[in-house]
Structures are given as structure tokens and as C-alpha cells.
Amino acid sequence: MDLLLVEKVLLGLFVAVTLAIGVSKARGKRFKLPPGPFPVPIFGNWLQVGDDLNHRNLTALARRFGEVLLLRMGQRNLVVVSSPDLARDVLHTQGVEFGSRTRNVVFDIFTGKGQDMVFTVYGDHWRKMRRIMTVPFFTNKVVQQYRYGWEDEAAAVVEDLRANPKAGVEGVVLRRRLQLMMYNNMYRIMFDRRFESEEDPLFVKLRALNGERSRLAQSFDYNYGDFIPILRPFLRGYLKICKEVKERRLQLFKDYFLEERKKLSSTKGSDGLKCAIDHILDAEQKGEINEDNVLYIVENINVAAIETTLWSIEWGIAELVNHPEIQRKLRSEIDTVMGPGVQVTEPDMPRLPYLQAVIKETLRLRMAIPLLVPHMNLHDAKLGGYDIPAESKILVNAWYLANNSNNWNKPEEFRPERFLEEEAKVEANGNDFRYLPFGVGRRSCPGIILALPILGITIGRLVQNFELLPPPGQDKLDTTEKGGQFSLHILKHSTIVAKPRVF
Ligand code: HEM
């Protein structure tokens, strides 16, 4: 670091301290802020609570400070909401006030400062993007058009596992094959494209760039520059990598998928079934959105749809391996309802209540997005009798809502039966504010309509065709969690033995 930079930083720190003290005094008079640990100048609570604000650490803080609490992370205000009533207030009653998203220096790069849909503020742009995306992605018609494709992809996974003798003896890292399946499920909808194998060079490139994008965005490594703007010069290297990954990734979407699709539709004319991107390109042609918005829609689907669903499948399988009695009960339901060997399809879901309960229980205990995607209030607001300063980051701890022993019977147990017994009325669509795996309200997950059948087809087919076991010498899979800024997945992608069943 050169001397000039040190001087600038020190001067900046001095100005920031003076300002922080001034602002906090002024605010102290005006605002009744939610409780929380006592902040120190500049750093706020950052040094006390650290970087890893995962659902479990935030649960511990909620037990100390209550159902709404405030953390000052440097210059950022972070509000944590931990009760069903306050979740209703944020997501439903005051859904407009709290319906924006926070971004940060890294998300600003990946979303072109909110030119996308998932991370943009609540307003005209978001409304337009969500409307344009609904018909091609989020309707029952889409499910009915693509469910055969999802069933084929699941059948291909079963076939590959049956053909691999290692899978039934030593086991394989099932996630790798399921990842290809999820890419195919979503790329069929988006571009009417699929990848033949895990080694397909385009798939390898795509997977690597998407992986980098997720790692860079979900990491805690850039917190310091985000919380304390004066430290941002030290993030230059990190942000440069983010920019490179973003450019390479968008270029890949453009060159290999969008341009290809444009060429194809210009030669084919406009008859035949349209894939999602044709609808999106129509909207571009009509001048409703621009070329960048199209690219950011592709970016959003790549991050919002593929890994979230894959993590949930992976968690579901891990829980079934670790609870063989539940796995047997599920297999027996499928055999009885379908007949041995008759493969599960999307329209069978209502006839398979235990399968649905297994999926709900997986999404309860192992929520892929346990803090929802962070919300934000553009203006000063009120919540639970407290003042919430404008532009606070609002984390709804949905995991705690669904795992609080005051509201659930032995929540730490993986017990699908709860959704057939005492919680039989609870659905994943947010009809109960204790259970919000997809959020609820304006910014809730529109992908739920696709995610649930994909989960049902995939988990159903794996369980009906294989006995799923831990690898030899191990009696349980390691289910240690790995959390990010707001995501949760299994730390170790386990080897799983898939012993084929004979019908
Ligand atoms: C098991 C799989 C999935 C889970 C657990 C999940 C969960 C969530 C959650 C918790 C949110 C944020 C809600 C909030 O902030 O209030 C969200 C937002 C979103 N999800 Fe999903 N999701 C899944 C699959 C999908 C799929 C398959 C798609 C697309 C095909 C998708 C597209 C989106 C989009 C576009 C948003 C942003 C909505 C907005 O900001 O208006 N998700 N999802």
C-alpha cells in the first residue's frame, strides 16, 4: 500500500468516526431503533458478531434480543426478523414498504446495478420484468409442456446409475449427475437445449462460470469493503475478478445460447412451440426491455433455479439415506400407489402424500434460502413498534420460523409425518407464516410451481428404482451445513450407493 493511500484511509476513518458519532446522536433522538448489541463507532457490531451471519447465528441473536433486532454492520443497518407475525408484516401487510432488495458492491456487478429481476428494487422495472417472465416460466402450462422432459431427464439419471456397476457397490457422488439433470431441466425450458454428458465442453464452461459467480457473491470475504466504504480500495482485486467473471459469463450466454436461438427462430419462422427465451426476445423486439435485461433474465434463472432445486434434492436424498425407515416407507407408498416398477410422473403427485411430506420436511429442516433473499425498505419504516431506518437490509429468518420449538413439535427431528398429522394444513406456498421456504407475497419465489414437481419426480424416481445407502464402512452421511450470504447447502457432496431394485 503506498503512503498516500494510508493517509487517505486514516483521514477517511477520522471523518467516518466523526460522522458516525454525529449521525448516531441525531438518530438516537429521532428514532426508536430495535434492540441489538451495543455498536462501536465505524465497525458497529461487526467485530462482535463476525462475518458469518448464518441462520443459526442469527437464531442465537434472536433468542437474546428478540423477534426484531438491529445489527450495525459498519455503515449498513441489518434488521433480523424472527417471528411469524413480524414476517407477515414485512412480506404481506407492508409488502410494498419492504419489497425492495439490498444490493452490495458485488451484486451490483453481477446484476448491472439492478437491471435484472431478482435483485432489483420494488417498482416499475421489477413489475415489468416479473410480468414478462411469468408466461414463459411460471405457469401451469409451462409445467404441462415440460414435465415430460423432466421425466425423461430423471429416467436418464436412473439409466446411467443402473449402467454403472460402481454406483451399486462403492457408490458415486450423485450430485454431479443430478446437476447435469437440473441444467437440462432448466435449459430445455429456456433454450430448448440439453447437454449430453457431464463432459460436454459447453456444460463444463457454464458450470464453472456459474459456480464462480455463486462463490464470489455468497462469500463473506468482501464484507469489510461493503460495510465500511472507506476500506473499499482494498477490494479492488476482488471486484476485478467479479467483473471478469460477469463479462465472460454474459458473453457465454450471448454467444452460445441467445445468438443461436435468434438464428434458429429466424430460419424456422414463428410456428411451433416457443421456448422461454423466444417470449423474452419478443418483449425485447417490442421495446419493453433491452438486450441487457434479456441477458440478466438468463443470469437470474441460472442462479435462482438450478442450484436451489439441486441443493434441495441433495438434502432430501441425504436425509433419506440417514433415515432408512423413512426411505422404506416412501418406497412402499410409491410401490403401492403406482404398482412396482411403474415410474412416478408429475400428475401422480397428489396420489403420493408421503412423498410430498418428505419434500416439505426437507424444505423445512434444510431450507435452501434460509434467510430469504434479503429485503429492503427504500424509506424510513415502522416494524413491531420500532423505527427502521431507510435502506436497511431486512433478513427474515425463515429457517428459525420453521425450526422454533415454541411453534413446532421437536423441530430438530426429520419427521415427514408431521405434515400428515399435526401440520397437515401447512403448504409450501406460504399459507402459514411459520413455514416460508419460498417466501410469500410480492417478492416470493415464482419458481415454486416448477421446483415442487421437479423435486417430486426426481426424489420419487430415485427411491423407487434404488435402495440409497451410505458408502461402505460409513453408517451415516455427513450433513454439515455450508451457509453463504443467504444460501445453505450441504458442505460435503456425499458419495451415495444406489443399489438397483429388480422389479
Ligand atoms: C427448491 C427450490 C427453490 C427454493 C427453495 C427457492 C426459494 C426462493 C426464495 C426463498 C426466494 C426469495 C423470497 C423472498 O425474498 O421473499 C426466491 C426468489 C426467487 N426465485 Fe426461487 N426457489 C427455488 C427454485 C426456483 C426456481 C426453479 C426458479 C425459476 C425457474 C426460481 C426463481 C426465483 C426468482 C425469479 C426469485 C425472485 C423473485 C423476486 O424477487 O421477485 N426459484 N426463491
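Residues numbered from 1 in each chain as written. Predicted model: local features only at pLDDT ≥ 70, side-chain atom pairs only at ≥ 80, totals over all residues. Heavy atoms only, no water.

By the naming in an unreviewed UniProt entry, the protein goes by trans-cinnamate 4-monooxygenase and is assigned to Anthurium andraeanum. As stated in UniProt under Cofactor (unreviewed entry), the record for the protein gives "heme". Per UniProt, the protein carries the Subcellular location (unreviewed entry) text "Membrane". (UniProt positions renumbered as here; feature names shortened; annotations may be inferred.)

Engineer: Would you explain the coordination of the iron atom of the ligand in this entry?
Structural biologist: Working reference: metal with six octahedral donors, ideal angles 90 or 180 degrees; metal with four tetrahedral donors, ideal angle 109.5 degrees. Donation to the iron atom of the ligand from the protein comes from one atom only, Cys445 (SG), at 2.3 Å. Turning to its location among the elements, cysteine 445 is positioned in the loop between α17 (398-401) and α18 (448-465). (Donors = N, O, S within 2.8 Å, 3.2 Å for Na, K, Ca; no water. Helix = DSSP H or I, 4+ residues; strand = E, 2+ residues; numbered from the N terminus.)

Engineer: Is there a simple way to think about the site of the ligand in this case?
Structural biologist: Around the ligand lies a shell of 25 residues, among which Arg101, Trp126, Arg130, His375 and Cys445 are the nearest. One of the side-chain N or O atoms of arginine 130 is found 2.8 Å from an oxygen atom in the ligand. For the ligand, a nitrogen atom lies 3.4 Å from a polar atom in the backbone of alanine 304. Counting only elements with at least two residues in the shell around the ligand, the list comes to α6 (124-137), α14 (291-322) and α18. Top element by residues in the shell around the ligand is α14. It accounts for five residues. Each residue belonging to the shell around the ligand can be placed in one class, and the counts come to 16 nonpolar, six polar and three charged. (Near = heavy atom within 4 Å. Polar contact = N/O pair within 3.5 Å; in protein donor to acceptor, adjacent residues only side chain to side chain. Nonpolar A, V, L, I, M, F, W, Y, C, P; charged D, E, K, R; others polar.)

Engineer: Would you mind showing me how to read the sheet that holds strand β9 (residues 466-469) here?
Structural biologist: Through backbone hydrogen bonds, the strands of a sheet pair up, either in parallel or in antiparallel fashion. Taken in spatial order, the three strands make up an open sheet running β4-β12-β9, and their pairing is antiparallel. Each edge of the open sheet is held by one strand with a lone partner, namely β4 (172-173) and β9. Sheet topology places β4 next to strand β12 (residues 495-500); two bridges connect them, and they run antiparallel. Within the sheet, the bridge partner assigned to valine 173 lies in β12 and is threonine 495. Against the sheet, α18 contacts β9 and β12, and its axis sits at roughly 100° relative to β9. (Pairing = 2+ DSSP bridges. Contact = heavy atoms within 4.5 Å. Axes fitted to C-alpha atoms, helices over the stretch in contact; angles between N-to-C directions.)

Engineer: Help me understand the nonpolar core, please; the structure alone is not making it clear to me.
Structural biologist: Inside soluble globular proteins, nonpolar side chains tend to come together where they are buried. If you look at the biggest cluster of nonpolar residues, it comprises 159 residues, and the most contacted ones within it are Phe137, Tyr187 and Ile459. Looking at this core element by element, the count peaks at 16 residues for α14. Ignoring any residue separated from it by four or fewer positions in sequence, one finds phenylalanine 137 in contact with Val142, Ile189, Met190, Ala276, Ile280, Ile297, Ile301 and Leu450. (Core = buried A, V, L, I, M, F, W, Y, C linked by side-chain atoms within 4.5 Å. Buried < 20%, exposed > 50% of the residue type's maximum accessible area, 1.4 Å probe, protein only.)

Engineer: How do you make sense of the packing of aromatic side chains when you look at a structure like this?
Structural biologist: Centre distance and the angle of the planes are the two values used to describe a pair of aromatic rings. Tallied over the entire structure, the rule returns 19 aromatic pairs. Arranged with centres 5.7 Å apart and planes meeting at 85°, the rings of tryptophan 46 and phenylalanine 227 form a pair that is edge-to-face. Residue tryptophan 46 is found in helix α2 (residues 46-49), and its partner phenylalanine 227 is found in helix α11 (residues 223-227); the two are separated by 181 residues along the sequence. Accessibility classification places tryptophan 46 together with phenylalanine 227 in one group, the buried group. Chaining the aromatic ring pairs together yields one cluster made of Tyr183, Tyr187, Phe191, Phe195, Phe203 and Phe257. Positioned above the aromatic ring of phenylalanine 466, the side-chain terminus of arginine 162 is 5.6 Å from the ring centre. A cation sits over an aromatic face here: arginine 434 above tryptophan 408, 4.6 Å from the ring centre. (Phe/Tyr/Trp six-rings, centres within 6.5 Å; stacked < 30°, edge-to-face > 60°. Lys NZ or Arg CZ within 6 Å of the ring centre and 35° of its normal.)

Engineer: Would you explain the environment of arginine 103 in this entry?
Structural biologist: Mapped onto the fold, arginine 103 is located in the loop between β3 (100-101) and α5 (105-110). Classification of arginine 103 by relative accessible area gives partly exposed; the value is 25%. Sequence separation between arginine 103 and threonine 120 is 17 residues, and the spatial gap between their C-alpha atoms is 8.0 Å. Setting aside anything within four residues of it in sequence, one finds arginine 103 in contact with Arg76, Asp108, Thr111, Lys113, Gly114 and Phe119. At 2.4 Å, the side chain of arginine 103 forms a polar contact with the side chain of aspartate 108.

Engineer: I would appreciate a short explanation of the pattern of salt bridges in the present structure.
Structural biologist: Between side chains of opposite charge, a pair can form when the charged atoms approach closely. Applying the stated criterion to the full structure yields 35 salt bridges. Here glutamate 291 makes a salt bridge to lysine 254, at a shortest N to O gap of 3.3 Å. On the criterion of sequence distance, the pair formed by glutamate 291 in helix α14 and lysine 254 in helix α12 (residues 236-268) is long-range, its members being 37 residues apart. Residues participating in the shared-partner salt-bridge network are Arg56, Glu319, Arg366 and Glu481. (Salt bridge = Lys/Arg side-chain N within 4 Å of Asp/Glu carboxyl O.)

Engineer: What exactly am I supposed to notice about empty space enclosed by the protein here?
Structural biologist: Rolled over the atoms, a probe sized like a water molecule indicates the empty space that remains. What the rule picks out here adds up to six cavities of 30 Å³ or more. The space that makes up the largest cavity amounts to roughly 160 Å³. Around the largest cavity, the lining is made up of 17 residues, and of these Thr102, Arg103, Asn104, Pro374 and Lys393 lie nearest the centre. Listing elements by their share of the lining of the largest cavity, those giving two or more residues are β2 (76-81) and α11. Examining the composition of the lining of the largest cavity, we find that three residues originate from one element, β2, more than from any other. (1 Å grid on protein atoms, 1.4 Å probe; cavity = no way out; pocket = protein on both sides within 12 Å on 5 of 7 lines; lining within 4 Å. Points joined across faces, edges and corners; volume = space filled by probe spheres on them.)

Engineer: Any chance you could explain the sheet that holds strand β1 (residues 68-73) here in plain terms?
Structural biologist: The five strands lie next to each other as β1-β2-β8-β5-β3, forming an open sheet whose pairing is mixed. On the outer flanks of this sheet lie β1 and β3, each paired with one strand and no other. Sheet strands touched by helix α3 (residues 55-65): β1, β2 and β8 (393-396). Its angle to β1, the strand with the most contacts, is close to 120°. Strands β1, β2, β5 (375-376) and β8 of the sheet are contacted by helix α4 (residues 84-93), whose axis makes an angle of about 130° with β8.

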